[in-house]
Amino acid sequence: MFSKILRWLFAVIAFAIISAGGWLYVAPPPISRIAAGFTAKILCSNVFLGHRNPDEVLAQDVQSVGNPVLKLISYSVDEKAATVSAGLLGFFGRQTAVYRPGLGCTLAPDGDVAAVKAIDIPAASPVLDGNAPWPQGDTVSNAQSTKVANILDDSSLTGPGFRAAVVVKNGQIVAEHYAKGFSKETPHISYSVAKTINAALLGTLIKNGKLSPEDKGLFDSWKNDERSQIRIADLMSMSSGLDYNEETGDLNTRNQMLFLKSDMAGFIASFPLVHPIGQVFNYSTGTSVLLSRIWQNAIGDPAAALEWPRKVLFEPLAMHSSVLETDESGTFAGGSYVYASARDYARFGQFLLQDGVWNGNRILPEGFVSWMHEPSEASKRYGRGQVWVKGPDGGVADDENPDKGYDLPADTFWLLGFMGQSVTVIPSQALVIVRLGLTPDSVRYKPQAMVQAIMKSL
């Protein structure tokens, strides 16, 4: 009798396990798909762009984010197909990211890998000239600043998870420092530093008259309702009024967009208004994706739009390591996904310091960069054009003045990204400071002390 009960119990347990497994396979919960998508995407970019060991990337770049679900994700790399797939326990909620030269890696949330591979651009130009002086080449003067080098070697200033730093004074690199396993060639993820690069790309379309900050009626689906009054300027200053949630939980709008949607811009453009246009600041990676779609539409030719970042920005600025990645539909993920070396981020910071002029050629409209870092009407901390006018708050979200207590010039502005990416631009000091790493928000790191120390040492 007891053995029959035991067999019955085992049968029930086996049925429950099989049923749960079948449910997870057929209808995986969104959180498992987001975790799988994040893992596949980050691994793909770092393996195929950065030539890093996938196990190290899994531990250092994926699982370090801290979500316990990420510990249950397994992956596989197909070098021949240039893909990375990942899923919960290797199977459930499985997602695949695809690498293409010149466009980096793209996730295929609907599983249509062929659609991703169909979007392509011609091969990239030759690599950076190692004999030419920086910034057009890769040769840096030996006259480095020992004082700045000592600051960059101080972990209390560079912070936990530090990976790379470059300091540019008067247009020349005066010091740089790299953590073990990283070098001047390593491409680093931008996270939200990409927003400012994307804004500059939009600025090139303003310069040639194809766009204006005052443009309205930006999407066909908006033209018959209140959203028709949203301007490019409102999107740039994160005050569109659209219903968007970047802050709450792992299922927030940003994560759904990045890891569950094939057409990111279409997803965000479908949202209704919940605030008066131009009056309420709401930080939104989705807004930056909408800006990507707007400037790509302004070019008209989809193939030409895909080549635009390289043609008008990366190659002129000698940012030859830089790649801006797309979603499955071909829209650039302009809020999150640039991969570039620390020196390339420094080049871009120097470009902004020079008001969008490079080698005597004006690439952005005169005064456009100054307009970008004017404080917006909706925020004391954010500018008009996808830059911060105050530094990071160290994880204290209600800190209205995170630069208080630091002696930073009034014209300082910041390009900031998730987990501690920062590019600090101080025009009055002719100073650009890049700091890259993967630093959890929980440690409340603020780079202002490092920036202040470097500025005073120079």
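Scroll up to find the structure.
Computed from a predicted model, the values in this text were never measured in an experiment.

Asks: Teacher, can you tell me more about the packing of helix H7 (residues 193–207) against helix H11 (residues 285–299) here?
Replies: In a pair of packed helices, the angle between the axes and the distance between the axes together describe the arrangement. Their axes nearest at 10 Å, the elements H7 and H11 cross at an angle of 25 degrees. One element, H7, and the other, H11, form an angle in the roughly parallel class. Note that H7 runs across H11; the crossing there is left-handed. In this structure, H7 uses Lys195, Asn198, Leu201, Leu202 and Leu205 to contact H11, whose residues at the interface are Thr285, Ser288, Leu291, Ser292, Trp295, Ala298 and Ile299. The residue makeup of the contact of H7 with H11, split by class, is seven nonpolar, four polar and one charged.

Asks: I'm lost on the pattern of salt bridges in this one. Help?
Replies: One side chain can pair with another of opposite charge once the charged atoms of both are near each other. Inspection of every chain in the model, using the stated rule, returns 18 salt bridges. Put simply, Glu325 and Lys41 hold a salt bridge, and the shortest N to O gap is 2.7 Å. With Glu325 in the loop between strand E8 (323–324) and strand E9 (338–340) and Lys41 in helix H2 (residues 30–48), the pair connects residues that are 284 residues apart, well separated along the chain. Lys41 carries the same exposure label as Glu325, and that label is buried. One salt bridge in this structure joins Arg231 and Glu214, with 3.1 Å as the shortest N-O distance. A residue pair is termed long-range when its members are at least 10 positions apart, and Arg231 in the loop between H7 and helix H8 (232–236) and Glu214 in the loop between H7 and H8 qualify at 17 residues. Arg231 sits in the partly exposed class, given a relative accessible area of 24%.

Asks: Before we go on, may I ask you to explain the sheet that holds strand E13 (residues 421–426) in this structure?
Replies: Sheets are built from strands paired through backbone hydrogen bonds, the pairs being either parallel or antiparallel. Reading across the sheet, the five strands line up as E6-E5-E14-E13-E12 and stay open at both edges, with antiparallel pairing between neighbours. Two strands lie at the open edges of the sheet, namely strand E6 (172–178) and strand E12 (413–417), each paired on one side alone. Between one strand and the next, the sheet's axes are offset by a mean angle of 5 degrees, whatever the strand orientation. Here five bridges tie E12 to E13, and the two strands are oriented antiparallel to one another.

Reading guide: rules and limits
- Residues numbered from 1 in each chain as written.
- Predicted model: local features only at pLDDT ≥ 70, side-chain atom pairs only at ≥ 80, totals over all residues.
- Heavy atoms only, no water.
- Axes fitted to C-alpha atoms, helices over the stretch in contact; angles between N-to-C directions.
- Helix = DSSP H or I, 4+ residues; strand = E, 2+ residues; numbered from the N terminus.
- Parallel < 35°, antiparallel > 145°, perpendicular 65-115°, else oblique.
- Left-handed = near helix turned anticlockwise from the far one by under 90°.
- Contact = heavy atoms within 4.5 Å.
- Nonpolar A, V, L, I, M, F, W, Y, C, P; charged D, E, K, R; others polar.
- Salt bridge = Lys/Arg side-chain N within 4 Å of Asp/Glu carboxyl O.
- Buried < 20%, exposed > 50% of the residue type's maximum accessible area, 1.4 Å probe, protein only.
- Pairing = 2+ DSSP bridges.

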